[in-house]
Amino acid sequence: MKGLYVHIPFCRAICTYCDFIKEVAKPEKQTRYINALIAEVTMAASRLSGVTTLYVGGGTPSLLKEGDLHALFQAIYAIVPRTQLHEVTIEANPEDITASKAKLFKSLGINRVSLGVQTFNDALLGFLRRTHKRDDVKHAVNHLKTHGIDNLNIDMIFAIPAQDEAILNDDLKTLIELNPDHISAYSLIVEEGTRLKTLIDKGEVTPTDEDTEAKMFETVMDTLTNAGYTHYEVSNFARPNRQSIHNRIYWENGEYIGLGVAAHGHEKGRRIANTARVKDYIERLECGRSPIVFDEPDEGLKDSLLMGLRLREGVSLATLKARHGTDVFTQYPELKTAQDNGLVEVVEGNLRLTRRGVLLGNEVFMIF
(Lines give C-alpha, C1' and ligand atoms only; values in the text may rest on other atoms or scores of the structure.)
Protein backbone atom coordinates (compact mmCIF):
# COMPACT_ATOMS: atom_id res chain seq x y z
CA MET A 1 0.00 0.00 0.00
CA LYS A 2 1.11 3.54 -0.77
CA GLY A 3 -0.80 6.60 0.38
CA LEU A 4 -1.32 10.16 -0.79
CA TYR A 5 -2.13 12.87 1.75
CA VAL A 6 -3.32 16.30 0.56
CA HIS A 7 -3.51 19.21 3.01
CA ILE A 8 -6.15 21.97 2.90
CA PRO A 9 -5.23 24.63 5.51
CA PHE A 10 -8.44 26.68 5.63
CA CYS A 11 -11.07 26.91 8.38
CA ARG A 12 -14.07 29.11 9.16
CA ALA A 13 -12.77 29.69 12.68
CA ILE A 14 -9.69 28.67 14.67
CA CYS A 15 -10.55 26.13 17.36
CA THR A 16 -9.48 26.80 20.93
CA TYR A 17 -7.15 23.80 21.04
CA CYS A 18 -5.82 23.61 17.46
CA ASP A 19 -2.13 24.04 16.58
CA PHE A 20 -2.32 22.66 13.02
CA ILE A 21 -1.21 24.73 10.02
CA LYS A 22 -4.44 26.54 9.20
CA GLU A 23 -5.92 29.98 8.62
CA VAL A 24 -9.18 31.76 7.90
CA ALA A 25 -8.96 32.93 4.29
CA LYS A 26 -11.19 34.52 1.66
CA PRO A 27 -12.45 32.33 -1.23
CA GLU A 28 -10.07 34.08 -3.64
CA LYS A 29 -7.03 32.95 -1.64
CA GLN A 30 -8.45 29.46 -1.30
CA THR A 31 -8.76 29.20 -5.09
CA ARG A 32 -5.22 30.49 -5.53
CA TYR A 33 -4.02 27.84 -3.10
CA ILE A 34 -5.90 25.08 -4.94
CA ASN A 35 -4.29 26.18 -8.20
CA ALA A 36 -0.87 25.96 -6.52
CA LEU A 37 -1.78 22.55 -5.13
CA ILE A 38 -2.78 21.34 -8.60
CA ALA A 39 0.60 22.54 -9.85
CA GLU A 40 2.29 20.46 -7.14
CA VAL A 41 0.20 17.42 -8.09
CA THR A 42 1.50 17.73 -11.65
CA MET A 43 5.07 18.32 -10.42
CA ALA A 44 4.87 15.20 -8.23
CA ALA A 45 3.44 12.92 -10.94
CA SER A 46 6.39 10.49 -10.99
CA ARG A 47 6.22 10.10 -7.19
CA LEU A 48 2.53 9.15 -7.31
CA SER A 49 3.03 5.85 -9.09
CA GLY A 50 1.40 3.03 -7.15
CA VAL A 51 -0.72 5.18 -4.83
CA THR A 52 -3.65 3.17 -3.46
CA THR A 53 -5.23 5.52 -0.89
CA LEU A 54 -6.08 9.23 -0.93
CA TYR A 55 -6.72 11.30 2.19
CA VAL A 56 -7.69 14.98 1.94
CA GLY A 57 -7.27 16.57 5.37
CA GLY A 58 -6.90 19.93 7.01
CA GLY A 59 -8.01 22.38 8.09
CA THR A 60 -11.50 21.92 6.75
CA PRO A 61 -11.53 20.59 3.17
CA SER A 62 -15.33 20.48 3.16
CA LEU A 63 -15.59 24.29 3.16
CA LEU A 64 -13.96 24.59 -0.28
CA LYS A 65 -16.07 25.81 -3.17
CA GLU A 66 -17.51 23.06 -5.38
CA GLY A 67 -15.41 24.19 -8.33
CA ASP A 68 -12.18 24.09 -6.33
CA LEU A 69 -12.91 20.61 -4.98
CA HIS A 70 -13.80 19.33 -8.43
CA ALA A 71 -10.65 20.80 -10.00
CA LEU A 72 -8.41 19.30 -7.30
CA PHE A 73 -9.84 15.80 -7.58
CA GLN A 74 -9.76 15.84 -11.36
CA ALA A 75 -6.09 16.85 -11.27
CA ILE A 76 -5.30 13.96 -8.95
CA TYR A 77 -7.32 11.45 -10.99
CA ALA A 78 -5.51 12.53 -14.15
CA ILE A 79 -2.40 10.95 -12.59
CA VAL A 80 -3.79 8.43 -10.11
CA PRO A 81 -6.71 6.50 -11.67
CA ARG A 82 -9.78 6.32 -9.45
CA THR A 83 -9.97 2.58 -10.10
CA GLN A 84 -6.70 1.89 -8.27
CA LEU A 85 -7.73 3.78 -5.10
CA HIS A 86 -9.07 1.45 -2.40
CA GLU A 87 -10.00 4.29 -0.07
CA VAL A 88 -10.68 8.00 -0.70
CA THR A 89 -11.22 9.99 2.50
CA ILE A 90 -12.08 13.64 3.06
CA GLU A 91 -12.30 15.45 6.39
CA ALA A 92 -15.46 17.48 6.90
CA ASN A 93 -17.24 19.59 9.46
CA PRO A 94 -20.84 18.51 10.13
CA GLU A 95 -22.37 21.88 9.23
CA ASP A 96 -20.86 21.67 5.73
CA ILE A 97 -22.66 18.46 4.82
CA THR A 98 -25.80 19.34 2.89
CA ALA A 99 -27.54 17.00 0.46
CA SER A 100 -25.75 18.83 -2.36
CA LYS A 101 -22.32 18.45 -0.73
CA ALA A 102 -22.90 14.75 -0.06
CA LYS A 103 -23.88 14.27 -3.71
CA LEU A 104 -20.72 16.11 -4.78
CA PHE A 105 -18.53 13.91 -2.57
CA LYS A 106 -20.04 10.79 -4.11
CA SER A 107 -19.48 12.11 -7.64
CA LEU A 108 -15.83 12.80 -6.81
CA GLY A 109 -15.21 9.18 -5.85
CA ILE A 110 -15.03 9.88 -2.13
CA ASN A 111 -16.00 6.71 -0.28
CA ARG A 112 -15.06 7.63 3.28
CA VAL A 113 -15.78 10.81 5.26
CA SER A 114 -14.19 11.80 8.57
CA LEU A 115 -16.47 14.13 10.54
CA GLY A 116 -14.90 16.47 13.08
CA VAL A 117 -17.51 16.25 15.84
CA GLN A 118 -15.37 16.37 19.05
CA THR A 119 -18.38 16.48 21.41
CA PHE A 120 -22.18 16.55 21.24
CA ASN A 121 -22.41 19.06 24.09
CA ASP A 122 -23.32 22.46 22.64
CA ALA A 123 -21.74 24.39 25.54
CA LEU A 124 -18.43 22.59 25.10
CA LEU A 125 -18.64 23.03 21.32
CA GLY A 126 -18.89 26.76 21.96
CA PHE A 127 -15.89 26.68 24.28
CA LEU A 128 -13.88 24.79 21.64
CA ARG A 129 -15.01 27.34 19.01
CA ARG A 130 -16.51 24.65 16.85
CA THR A 131 -18.98 26.04 14.31
CA HIS A 132 -21.58 23.28 14.42
CA LYS A 133 -24.25 22.15 16.86
CA ARG A 134 -25.25 18.72 18.12
CA ASP A 135 -28.12 18.32 15.65
CA ASP A 136 -25.87 19.14 12.68
CA VAL A 137 -24.06 15.83 13.16
CA LYS A 138 -27.20 13.72 12.75
CA HIS A 139 -28.18 15.67 9.64
CA ALA A 140 -24.69 15.21 8.16
CA VAL A 141 -24.69 11.46 8.77
CA ASN A 142 -28.15 11.14 7.17
CA HIS A 143 -27.12 13.14 4.08
CA LEU A 144 -23.97 11.08 3.56
CA LYS A 145 -25.69 7.72 3.97
CA THR A 146 -28.57 8.77 1.74
CA HIS A 147 -26.08 9.50 -1.03
CA GLY A 148 -24.25 6.21 -0.68
CA ILE A 149 -21.34 7.14 1.59
CA ASP A 150 -21.68 4.91 4.64
CA ASN A 151 -18.01 4.47 5.58
CA LEU A 152 -17.91 7.20 8.21
CA ASN A 153 -15.40 8.12 10.87
CA ILE A 154 -16.34 10.42 13.72
CA ASP A 155 -13.59 12.29 15.59
CA MET A 156 -14.20 12.77 19.31
CA ILE A 157 -12.26 14.51 22.08
CA PHE A 158 -12.37 13.71 25.80
CA ALA A 159 -10.83 15.36 28.86
CA ILE A 160 -12.11 18.77 27.74
CA PRO A 161 -12.09 21.29 30.62
CA ALA A 162 -15.51 21.23 32.35
CA GLN A 163 -16.36 17.89 30.73
CA ASP A 164 -17.44 15.47 33.46
CA GLU A 165 -18.33 11.77 33.36
CA ALA A 166 -22.00 12.54 32.71
CA ILE A 167 -21.19 14.63 29.63
CA LEU A 168 -18.72 12.01 28.42
CA ASN A 169 -21.25 9.22 28.83
CA ASP A 170 -23.86 11.24 26.94
CA ASP A 171 -21.32 11.80 24.16
CA LEU A 172 -20.63 8.07 23.95
CA LYS A 173 -24.32 7.17 24.04
CA THR A 174 -25.13 9.60 21.23
CA LEU A 175 -22.11 8.44 19.25
CA ILE A 176 -23.10 4.77 19.46
CA GLU A 177 -26.67 5.62 18.42
CA LEU A 178 -25.28 7.17 15.22
CA ASN A 179 -23.44 3.89 14.61
CA PRO A 180 -20.46 5.08 12.56
CA ASP A 181 -18.16 2.34 11.29
CA HIS A 182 -15.07 4.06 12.67
CA ILE A 183 -14.36 6.27 15.69
CA SER A 184 -11.26 8.27 16.57
CA ALA A 185 -11.17 9.31 20.23
CA TYR A 186 -8.39 11.59 21.46
CA SER A 187 -7.65 13.18 24.80
CA LEU A 188 -7.40 16.96 24.61
CA ILE A 189 -3.76 18.02 24.37
CA VAL A 190 -2.78 21.52 25.50
CA GLU A 191 -0.46 22.80 22.77
CA GLU A 192 1.77 25.88 22.85
CA GLY A 193 0.48 28.83 20.88
CA THR A 194 -3.19 27.91 21.19
CA ARG A 195 -5.98 29.94 22.77
CA LEU A 196 -6.49 27.07 25.22
CA LYS A 197 -2.90 27.37 26.47
CA THR A 198 -3.36 31.13 26.92
CA LEU A 199 -6.59 30.64 28.90
CA ILE A 200 -4.91 28.07 31.15
CA ASP A 201 -1.86 30.29 31.70
CA LYS A 202 -4.16 33.16 32.71
CA GLY A 203 -5.95 30.91 35.19
CA GLU A 204 -9.26 31.30 33.35
CA VAL A 205 -9.51 27.58 32.53
CA THR A 206 -8.53 24.57 34.61
CA PRO A 207 -7.16 21.65 32.59
CA THR A 208 -8.35 18.12 33.28
CA ASP A 209 -6.01 16.34 35.70
CA GLU A 210 -4.14 13.21 34.62
CA ASP A 211 -6.09 10.80 36.83
CA THR A 212 -9.44 12.02 35.49
CA GLU A 213 -8.11 11.87 31.93
CA ALA A 214 -6.99 8.25 32.43
CA LYS A 215 -10.36 7.32 33.93
CA MET A 216 -12.15 8.93 30.98
CA PHE A 217 -9.95 7.03 28.52
CA GLU A 218 -10.85 3.77 30.26
CA THR A 219 -14.54 4.70 29.99
CA VAL A 220 -14.09 5.36 26.26
CA MET A 221 -12.26 2.07 25.68
CA ASP A 222 -14.72 -0.05 27.67
CA THR A 223 -17.87 1.60 26.28
CA LEU A 224 -16.82 1.35 22.65
CA THR A 225 -15.50 -2.20 22.86
CA ASN A 226 -18.69 -3.27 24.65
CA ALA A 227 -20.61 -1.69 21.76
CA GLY A 228 -18.83 -3.97 19.30
CA TYR A 229 -15.95 -1.79 18.13
CA THR A 230 -12.45 -3.23 17.85
CA HIS A 231 -9.85 -1.07 19.59
CA TYR A 232 -7.17 -1.53 16.93
CA GLU A 233 -4.99 1.56 17.49
CA VAL A 234 -4.38 3.68 20.60
CA SER A 235 -7.02 6.25 19.61
CA ASN A 236 -9.02 4.36 16.98
CA PHE A 237 -11.93 1.94 17.02
CA ALA A 238 -13.59 0.20 14.08
CA ARG A 239 -16.31 -2.17 12.98
CA PRO A 240 -15.12 -5.29 11.10
CA ASN A 241 -13.35 -4.44 7.82
CA ARG A 242 -13.61 -0.70 8.51
CA GLN A 243 -10.14 0.08 9.84
CA SER A 244 -8.57 3.08 8.14
CA ILE A 245 -6.52 1.70 5.24
CA HIS A 246 -4.70 5.01 4.75
CA ASN A 247 -3.81 5.59 8.38
CA ARG A 248 -2.51 2.03 8.76
CA ILE A 249 0.15 3.00 6.22
CA TYR A 250 1.44 5.55 8.74
CA TRP A 251 1.31 3.14 11.67
CA GLU A 252 3.07 0.41 9.71
CA ASN A 253 5.80 2.92 8.75
CA GLY A 254 4.88 2.52 5.10
CA GLU A 255 5.33 4.85 2.15
CA TYR A 256 3.15 7.91 1.58
CA ILE A 257 3.39 11.20 -0.27
CA GLY A 258 2.33 14.49 1.30
CA LEU A 259 1.17 17.38 -0.90
CA GLY A 260 0.11 20.85 0.21
CA VAL A 261 1.42 23.34 2.72
CA ALA A 262 3.20 21.72 5.69
CA ALA A 263 2.48 18.24 4.31
CA HIS A 264 4.88 15.44 5.29
CA GLY A 265 5.78 12.29 3.40
CA HIS A 266 7.77 9.07 3.82
CA GLU A 267 9.29 8.04 0.52
CA LYS A 268 12.02 5.48 -0.19
CA GLY A 269 13.39 5.63 3.35
CA ARG A 270 13.33 9.42 3.58
CA ARG A 271 11.22 11.94 5.50
CA ILE A 272 10.06 14.82 3.31
CA ALA A 273 8.21 18.00 4.30
CA ASN A 274 6.85 21.06 2.50
CA THR A 275 7.11 24.66 3.60
CA ALA A 276 4.75 25.43 6.48
CA ARG A 277 3.73 28.93 5.33
CA VAL A 278 0.76 29.25 3.00
CA LYS A 279 2.09 32.41 1.32
CA ASP A 280 5.48 30.80 0.68
CA TYR A 281 3.84 27.62 -0.59
CA ILE A 282 1.69 29.48 -3.13
CA GLU A 283 4.53 31.70 -4.33
CA ARG A 284 6.89 28.76 -4.80
CA LEU A 285 4.41 26.84 -6.96
CA GLU A 286 3.42 29.92 -8.96
CA CYS A 287 7.11 30.31 -9.84
CA GLY A 288 7.48 26.64 -10.73
CA ARG A 289 9.61 25.88 -7.67
CA SER A 290 9.31 22.86 -5.40
CA PRO A 291 7.66 23.48 -2.00
CA ILE A 292 9.88 20.83 -0.33
CA VAL A 293 12.07 22.30 2.45
CA PHE A 294 13.07 19.09 4.29
CA ASP A 295 14.40 15.84 2.86
CA GLU A 296 16.37 13.59 5.21
CA PRO A 297 16.80 9.84 5.85
CA ASP A 298 14.21 8.34 8.19
CA GLU A 299 15.16 6.96 11.61
CA GLY A 300 14.55 3.34 10.73
CA LEU A 301 13.87 1.17 13.78
CA LYS A 302 12.90 4.15 15.93
CA ASP A 303 10.20 5.21 13.45
CA SER A 304 8.89 1.65 13.12
CA LEU A 305 8.52 1.37 16.90
CA LEU A 306 7.03 4.82 17.48
CA MET A 307 4.37 4.20 14.87
CA GLY A 308 3.85 0.45 15.14
CA LEU A 309 3.36 0.38 18.90
CA ARG A 310 0.29 2.54 18.44
CA LEU A 311 -1.39 -0.49 16.88
CA ARG A 312 -2.97 -2.70 19.53
CA GLU A 313 -1.59 -5.78 17.76
CA GLY A 314 1.87 -4.24 18.08
CA VAL A 315 4.78 -4.96 15.77
CA SER A 316 6.41 -8.25 14.78
CA LEU A 317 9.83 -8.61 16.37
CA ALA A 318 10.95 -10.86 13.52
CA THR A 319 9.83 -8.34 10.91
CA LEU A 320 11.59 -5.52 12.74
CA LYS A 321 14.84 -7.49 12.87
CA ALA A 322 14.61 -8.43 9.19
CA ARG A 323 13.79 -4.87 8.19
CA HIS A 324 16.30 -3.03 10.39
CA GLY A 325 18.96 -5.66 11.14
CA THR A 326 18.93 -5.42 14.92
CA ASP A 327 17.11 -6.77 17.96
CA VAL A 328 14.86 -4.16 19.59
CA PHE A 329 15.75 -5.15 23.16
CA THR A 330 19.44 -4.86 22.31
CA GLN A 331 18.97 -1.46 20.67
CA TYR A 332 16.62 -0.22 23.43
CA PRO A 333 17.40 -2.06 26.69
CA GLU A 334 14.93 0.23 28.51
CA LEU A 335 12.19 -1.82 26.85
CA LYS A 336 12.96 -4.68 29.25
CA THR A 337 12.26 -2.33 32.17
CA ALA A 338 9.00 -1.28 30.50
CA GLN A 339 8.14 -4.97 30.11
CA ASP A 340 8.90 -5.65 33.78
CA ASN A 341 6.70 -2.67 34.72
CA GLY A 342 3.77 -4.07 32.75
CA LEU A 343 3.77 -1.42 30.02
CA VAL A 344 4.70 -3.67 27.08
CA GLU A 345 4.44 -7.38 26.43
CA VAL A 346 5.42 -9.90 23.78
CA VAL A 347 2.48 -11.95 22.50
CA GLU A 348 2.87 -14.45 19.64
CA GLY A 349 6.07 -12.76 18.53
CA ASN A 350 4.61 -9.23 18.56
CA LEU A 351 5.79 -6.46 20.85
CA ARG A 352 2.74 -4.47 21.96
CA LEU A 353 1.47 -2.10 24.61
CA THR A 354 -0.49 -3.57 27.49
CA ARG A 355 -3.72 -1.87 28.55
CA ARG A 356 -1.67 -0.06 31.21
CA GLY A 357 0.82 0.84 28.51
CA VAL A 358 -1.94 2.39 26.41
CA LEU A 359 -2.86 4.64 29.33
CA LEU A 360 0.80 5.51 30.00
CA GLY A 361 2.00 5.43 26.42
CA ASN A 362 4.31 8.44 26.73
CA GLU A 363 6.45 6.51 29.23
CA VAL A 364 7.07 3.92 26.53
CA PHE A 365 7.45 6.29 23.58
CA MET A 366 10.03 8.38 25.51
CA ILE A 367 12.35 5.34 25.37
CA PHE A 368 12.91 5.99 21.67
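Structure first, text after, so check above.
Now for a look at the structure at hand. (Residues numbered from 1 in each chain as written. Predicted model: local features only at pLDDT ≥ 70, side-chain atom pairs only at ≥ 80, totals over all residues. Heavy atoms only, no water.)

### Structural notes on the overall build of the protein chain
Part 1 of the argument: A count of helices and strands for the protein chain gives 16 helices and 15 strands.
Part 2 of the argument: A compact globule built from 368 residues would reach a C-alpha radius of gyration of about 21 Å, and the protein chain, at 21 Å, matches this within 12%.
Part 3 of the argument: Across its three principal directions, the C-alpha atoms of the protein chain cover 55 × 50 × 45 Å.
Part 4 of the argument: Pairs at least 24 residues apart make up 70% of the contacts formed inside the protein chain by residues separated by at least 6 positions.
Part 5 of the argument: Entry remark: accessible area of the protein chain is about 16,300 Å², with carbon and sulfur atoms responsible for 50%.
Part 6 of the argument: In the protein chain, the 43 positive side-chain charges and the 50 negative ones have mean positions that sit 5 Å from each other. (Helix = DSSP H or I, 4+ residues; strand = E, 2+ residues; numbered from the N terminus. Rg over C-alpha atoms; globule rule 2.2 N^0.38 Å. Contact = heavy atoms within 4.5 Å. Areas by Shrake-Rupley, 256 points an atom, 1.4 Å probe, with all protein chains shown as cover. Lys, Arg positive; Asp, Glu negative; His and termini not counted. Charge placed at Lys NZ, Arg CZ, Asp CG, Glu CD.)

### As for the packing of aromatic side chains
Part 1 of the argument: For the structure shown, the criterion picks out eight aromatic pairs.
Part 2 of the argument: For the ring pair Phe-10 and Tyr-33, a centre distance of 5.3 Å and an interplane angle of 85° mean the geometry is edge-to-face. Of this pair, Phe-10 sits in the loop between β1 (2-8) and α1 (27-43) while Tyr-33 sits in helix α1, and the two are 23 residues apart along the sequence.
Part 3 of the argument: Seen from their ring centres, Phe-158 and Phe-217 are 5.4 Å apart, and the 25° between their planes marks the pair as stacked. Note that Phe-158 is positioned in strand β5 (residues 152-158) and Phe-217 in helix α8 (residues 210-226), a separation of 59 residues in sequence. (Phe/Tyr/Trp six-rings, centres within 6.5 Å; stacked < 30°, edge-to-face > 60°.)

### So, the packing of α1 against helix α2 (residues 66-77)
Part 1 of the argument: As a packed pair, α1 and α2 sit with axes 9 Å apart at the nearest point and diverge in direction by 5°. By the angle class used here, α1 and α2 are roughly parallel. Residues Gln-30, Thr-31, Ile-34, Leu-37, Ile-38 and Val-41 of α1 touch α2, and the partners they reach there are Asp-68, Ala-71, Leu-72, Ala-75 and Ile-76.
Part 2 of the argument: Grouping the constituent residues of the contact of α1 with α2 by class yields eight nonpolar, two polar and one charged. (Axes fitted to C-alpha atoms, helices over the stretch in contact; angles between N-to-C directions. Parallel < 35°, antiparallel > 145°, perpendicular 65-115°, else oblique. Nonpolar A, V, L, I, M, F, W, Y, C, P; charged D, E, K, R; others polar.)

### Some words on the pairing of strand β7 (residues 230-233)
Every regular strand shows the same layout, with side chains that alternate between the two sheet faces.
Part 1 of the argument: Pairing of β7 with strand β8 (residues 236-238), which is carried by three bridges, proceeds in the antiparallel orientation. By the bridge assignment for β8, Thr-230 is matched with Ala-238.
Part 2 of the argument: Count of turn residues in the β7/β8 antiparallel hairpin: two residues. (Pairing = 2+ DSSP bridges.)

### Quick look at the pattern of salt bridges
Part 1 of the argument: The full count for this structure, using the stated rule, is 22 salt bridges.
Part 2 of the argument: Where Arg-12 meets Asp-96, a salt bridge forms, and the shortest distance between an N and an O atom there is 2.4 Å. Here the residue Arg-12 occupies a position in the loop between β1 and α1, and Asp-96 occupies one in the loop between β3 (87-92) and α3 (99-107), the gap between them amounting to 84 residues.
Part 3 of the argument: Through salt bridges with shared partners, one network takes in Asp-150, Asp-181 and Arg-242. (Salt bridge = Lys/Arg side-chain N within 4 Å of Asp/Glu carboxyl O.)

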